[in-house]
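# Structure assessment
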Amino acid sequence: MRVVAGKHRSRPLYSPKNSDVRPTTDMVKESIFNIIQNDVIGSKFLDLFAGSGAIGIEAISRGAEKVVFVDNSKESISLIKQNLQMLKEEAQVIFGDFEYALTRLKNSDFDIIFLDPPYNFKDIKKILDTIKANNVLAPSGIVIFESLYEKDFDKNVDGYKIIKSKKYGITAIDIYEAE
């Protein structure tokens, strides 16, 4: 696992030692950032379900102004802090589930929120509703949702529209904006 582009390009990152954390592949990471490349510089970026922190660190490397990492695993939090320390970067790291974190981040106006919940988590509506209830997404912000590609998984949520969808092998990426 490595940083794909930006000021930390090609720097290796500490990887999880167990199979509970499923890091986003470099190919998918690069594709996501190609889609949002013009939105990252100077942005406020939330990496929810951060795992190793690779996506948020990629955002830092590509010029995000502020990045916040959230995960409910102590191992993941430790890994994120190790990666940030290795790169000599500072960022807010929150230990807790998404509901706790989004409540703490109320009225934050993030420009980009990246969601990579465990693949068996299928309640995207609950996450997006919690984001809206806590006013965490900026009015022109986007939410990127990484999930297991499944044809029978309904990703439509009232109050949001999917503006782009991509499939990379077994991984699906959906980009939402608030309506």
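It should be emphasised that the depicted structure is a prediction, and the values quoted were computed from it without experimental measurement.

## Remarks on the overall build of the chain
- In terms of regular secondary structure, the chain is built from five helices and seven strands.
- Of the regular secondary structure in the chain, the N- to C-terminal order runs α-β-α-β-α-β-α-β-α-β-β-β.
- The C-alpha radius of gyration of the chain comes to 15 Å, within 12% of the 16 Å expected for a compact globule of 179 residues.
- Along the longest, intermediate and shortest principal axes, the C-alpha atoms of the chain span 40 × 35 × 30 Å.
- Put simply, 62% of the contacts in the chain that link residues at least 6 apart link residues at least 24 apart.
- Accessible area of the chain: about 8,900 Å², with a carbon and sulfur share of 46%.
- Counting 25 positive and 26 negative side-chain charges, the chain places the centres of these two groups 4 Å from one another.

## Quick word on helix α5 (residues 124-133)
- Of the positions making up α5, those classed as buried are Ile124, Ile127, Leu128, Thr130 and Ile131. Taken around the axis of α5, the buried residues stretch over an arc of 160°, which confines them to a single face.
- Elements in contact with the buried residues of α5: β1 (44-48), α4 (98-104), β4 (110-115), β5 (137-148), β6 (160-168) and β7 (171-178).
- Looking one or two residues past α5, Asn135 carries a phi angle of roughly 50°, positive in sign.

## Things to note about the sheet that holds strand β2 (residues 66-71)
- With respect to topology, seven strands assemble into an open sheet ordered β3-β2-β1-β4-β5-β7-β6, the strand pairing being mixed. The open sheet has two free edges, formed respectively by β3 (92-95) and β6, since each of these has just one partner strand. Along the sheet, successive strands turn relative to each other by an average axial angle of 15°, direction set aside.
- Strand direction decides the pairing type here: β6 and β7, joined by eight bridges, are antiparallel. When the sheet's bridge partners are listed, Lys166 is paired in β7 with Ile173.

## Description of helix α1 (residues 26-40)
- In this model α1 runs just 17 Å from its N-terminal to its C-terminal C-alpha over 15 residues, more than 12% under the 21 Å that 1.5 Å per residue would give.
- At Asn34, α1 shows its largest bend, some 50°.
- Turning to α1, its buried residues are Val28, Lys29, Ser31, Ile32, Phe33, Ile36 and Val40.
- Of the surrounding secondary structure, the elements contacted by the buried residues of α1 are β1, α2 (54-61), β4, β5, β6 and β7.
- Count one or two residues on from α1 and you reach Gly42, which has phi positive near 80°.

## Observations concerning the packing of aromatic side chains
- Inspection of the entire model under this criterion finds three aromatic pairs.
- Geometrically, the ring pair formed by Phe33 and Phe45 is stacked, given 6.3 Å between the ring centres and 15° between the ring planes. A residue pair is termed long-range when its members are at least 10 positions apart, and Phe33 in helix α1 and Phe45 in strand β1 qualify at twelve residues. Phe45 carries the same exposure label as Phe33, and that label is buried.
- When the ring of Tyr160 is compared with that of Tyr176, the centres are 6.4 Å apart and the planes differ by 90°; the resulting orientation is edge-to-face. With Tyr160 in strand β6 and Tyr176 in strand β7, this pair connects stretches of sequence that are 16 residues apart.
- In this arrangement the basic side chain of Lys132 is found over the ring face of Tyr160, its NZ or CZ atom lying 4.7 Å from the centre.

## Some words on the nonpolar core
- Ile32, Phe33, Ile36, Phe45, Phe69 and Ile144 are the most contacted members of the largest nonpolar core, which totals 28 residues.
- At the level of elements, α1, α2, β2, α3 (74-87), β4, β5 and β7 are the ones that each hand at least two residues to this core.
- Other than its neighbours up to four places away in sequence, Phe45 contacts Phe33, Ile36, Ile55, Gly56, Ala59, Ala64, Lys66, Val67, Val68, Phe110, Ile112 and Phe114.
- Of all hydrophobic cores here, the second largest spans 24 residues; its members include Ala101, Leu105, Ile127 and Phe145.

## Structural notes on the packing of α1 against α2
- The N-to-C vectors of α1 and α2 enclose an angle of 40°; their axes lie 11 Å apart at closest approach. If you check the angle between α1 and α2, you find them oblique. Handedness of the crossing formed by α1 with α2: right-handed. Where α1 approaches α2, its residues Lys29, Phe33 and Val40 are matched on the opposing element by Ala54, Ile55, Glu58 and Ala59.
- Across the contact of α1 with α2, the residue classes tally to five nonpolar, no polar and two charged.

Analysis parameters
- Per chain, the residues get numbers from 1 upward, laid out in the order the sequence is written.
- Restriction of local features to residues with pLDDT of at least 70 applies here, the model being predicted, together with a cutoff of 80 or more for giving and counting side-chain atom pairs; totals for whole chains, interfaces and linings are based on all residues.
- With hydrogens and water set aside, each side-chain value is computed from the structure's full complement of heavy atoms.
- Only DSSP runs of H or I reaching four residues or more are called helices, and only runs of E reaching two or more are called strands; each is numbered from the N terminus.
- With C-alpha atoms as the basis for the radius of gyration, the globule rule is written as 2.2 Å multiplied by the number of residues raised to the power 0.38.
- For this analysis, residues touch if any pair of their heavy atoms sits within 4.5 Å.
- Using the Shrake-Rupley algorithm and a 1.4 Å probe, accessible areas are obtained, with residue cover drawn only from the displayed protein chains.
- When charges are counted, Lys and Arg are positive and Asp and Glu negative, with His and the chain ends excluded.
- By convention, charge coordinates are those of NZ in Lys, CZ in Arg, CG in Asp, or CD in Glu.
- Partly exposed describes any residue whose relative accessible area lies between the buried limit of under 20% and the exposed limit of over 50%, with all areas from a 1.4 Å probe on protein chains only and scaled to the type maximum.
- Each direction from the helix axis to a C-beta atom contributes to the arc, which is the arc of those directions.
- Strand pairing is assigned whenever DSSP identifies at least 2 bridges connecting the two strands.
- Each axis is a line fitted through C-alpha atoms, taken for helices only over the stretch in contact, and angles between the N-to-C directions span 0 to 180 degrees.
- Here, expected helix span is obtained from the residue count minus one, scaled by 1.5 Å.
- Bending is quantified residue by residue as the angle between axes fitted to the seven-residue window ending at that residue and the seven-residue window starting at it.
- Within 6.5 Å between ring centres, the rings of Phe, Tyr and Trp (the latter by its six-membered ring) count as paired, and their orientation is classed by plane angle as stacked under 30 degrees, edge-to-face over 60, tilted in between.
- Both a distance and an angle decide whether a charge sits over a ring: NZ of Lys or CZ of Arg must be within 6 Å of the ring centre and within 35 degrees of the ring normal.
- Nine residue types can take part in a nonpolar core, namely buried Ala, Val, Leu, Ile, Met, Phe, Trp, Tyr and Cys, and a core is a set of them joined through side-chain atoms within 4.5 Å.
- We call two directions roughly parallel when the angle between them is under 35 degrees, roughly antiparallel when it is over 145, roughly perpendicular when it lies between 65 and 115, and oblique otherwise.
- Two helices cross in a left-handed way if the nearer one is turned anticlockwise from the farther one by less than a right angle. They cross in a right-handed way if the turn is clockwise.
- Each residue is assigned to one class: nonpolar for Ala, Val, Leu, Ile, Met, Phe, Trp, Tyr, Cys and Pro, charged for Asp, Glu, Lys and Arg, and polar for all the others, Gly among them.

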